[in-house]
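Residues per chain are reported as follows:
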Amino acid sequence: MGEAGTKGVARDERRRQLVHEAVEEFGRKGYAGASLTGIARSAGVSKAMIYHLFESKEGLSRACLEEVGPPLVTSIAQAQTADDPGQRAQDTFTAIFTAMADNRHAWAVIKDPTLPEGSGAAETAAGFREQLDVMGTVGTRDVLSAAGVDDPRDHELLDRLWEAIVAAAVQWWQEQEDLSAADMAARCTRLLVAVTARR
């Protein structure tokens, strides 16, 4: 059991609560636009409590990344098993949204371009981004290999297209608060099947 926190809430529980509120704040506004005052208000604590638990805004941001990064990377990695590239793409979308079911803004937190350069938070985010990028690159390479295409510039272009499609899907979902992660996974699967169907 964690140490006693404020208002009778255990320290560990208070940390989890603040991280949950901060993920949404950082995800919606980016690190640069996020407000510790707003996060504290949403959690029902003082801003001093954030400094007590995380030492700084950057420390809170790093805690958010450590909360959302590993589940997202692990979920996507576990989805890379299908031999058929199209099925693997569908499985990847399902894995992305399943991992973000409780943290809708996880992708935006990891991809945040406003993290302070050289900070621990920026380095942590870069590590997760690299893992995601590698999996995306392997996936697009396999799609082209299955089609007998080996032009490296085709691979580079498809890699960028895939990244843009995922980013657009995640951003669109953030705007559709009535759609669950399961709804979004099903929607992406339906669209992938529609656009890749051979007629």
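Residues numbered from 1 in each chain as written. Predicted model: local features only at pLDDT ≥ 70, side-chain atom pairs only at ≥ 80, totals over all residues. Heavy atoms only, no water.

(A) Main features of unusual backbone geometry. The phi torsion at Glu55 lies on the positive side, around 75 degrees, for a residue other than glycine. Mapped onto the fold, Glu55 is located in the loop between α3 (47-54) and α4 (57-78). (Helix = DSSP H or I, 4+ residues; strand = E, 2+ residues; numbered from the N terminus.)

(B) How the structure looks around α3. For α3, the full list of buried residues reads Met49, Ile50, Leu53 and Phe54. Buried residues of α3, seen end-on, are gathered within an arc of 105 degrees and therefore sit on one face of the element. Counted as exposed and oriented over 90 degrees from the buried face of α3: Ala48 and His52. The secondary structure elements touched by the buried residues of α3 are α1 (11-33), α2 (36-43) and α4. (Buried < 20%, exposed > 50% of the residue type's maximum accessible area, 1.4 Å probe, protein only. Arc of directions from axis to C-beta. Contact = heavy atoms within 4.5 Å.)

(C) Geometry of the packing of α2 against α3. At their nearest, the axes of α2 and α3 sit 8 Å apart, and the two run at 100 degrees to each other. As summarised for this structure, α2 and α3 are arranged roughly perpendicular, according to the angle between their axes. Contact residues: Leu36, Thr37, Ile39 and Ala40 in α2; Lys47, Ile50 and Tyr51 in α3. Tallied by class, the residues present in the contact of α2 with α3 amount to 5 nonpolar, 1 polar and 1 charged. (Axes fitted to C-alpha atoms, helices over the stretch in contact; angles between N-to-C directions. Parallel < 35°, antiparallel > 145°, perpendicular 65-115°, else oblique. Nonpolar A, V, L, I, M, F, W, Y, C, P; charged D, E, K, R; others polar.)

(D) Broad picture of the packing of helix α8 (residues 152-175) against helix α9 (residues 181-196). Direction vectors running N to C along α8 and α9 enclose 140 degrees, while the axes themselves pass 11 Å from each other. As judged from the angle between their axes, α8 and α9 are oblique. As α8 runs across α9, the sense of the crossing is right-handed. From α8, Ala169, Trp172 and Trp173 reach across to α9, where they touch Ala181, Met184, Arg187 and Cys188. (Left-handed = near helix turned anticlockwise from the far one by under 90°.)

(E) Fine view of the packing of aromatic side chains. For the coordinates displayed, the defined rule picks out 4 aromatic pairs. Residues Phe97 and Trp173 carry aromatic rings whose centres are separated by 5.2 Å and whose planes lie at 85 degrees to one another, so their mutual orientation is edge-to-face. With a gap of 76 residues between them, Phe97 in helix α5 (residues 85-99) and Trp173 in helix α8 connect regions that are remote in the sequence. Accessibility assignment for this pair places Phe97 and Trp173 in one class, buried. Feature note: the residues Phe93, Phe97, Trp162 and Trp173 constitute an aromatic cluster, connected by ring pairs. (Phe/Tyr/Trp six-rings, centres within 6.5 Å; stacked < 30°, edge-to-face > 60°.)

(F) Summary view of the environment of Thr81. With respect to the helices and strands, the residue Thr81 is situated in the loop between α4 and α5. Taking the relative accessible area as the measure of exposure, Thr81 reaches 60% and is therefore exposed. In the structure, Thr81 is positioned 103 residues away from Met184 in sequence and 21 Å away in space, judged by C-alpha atoms.

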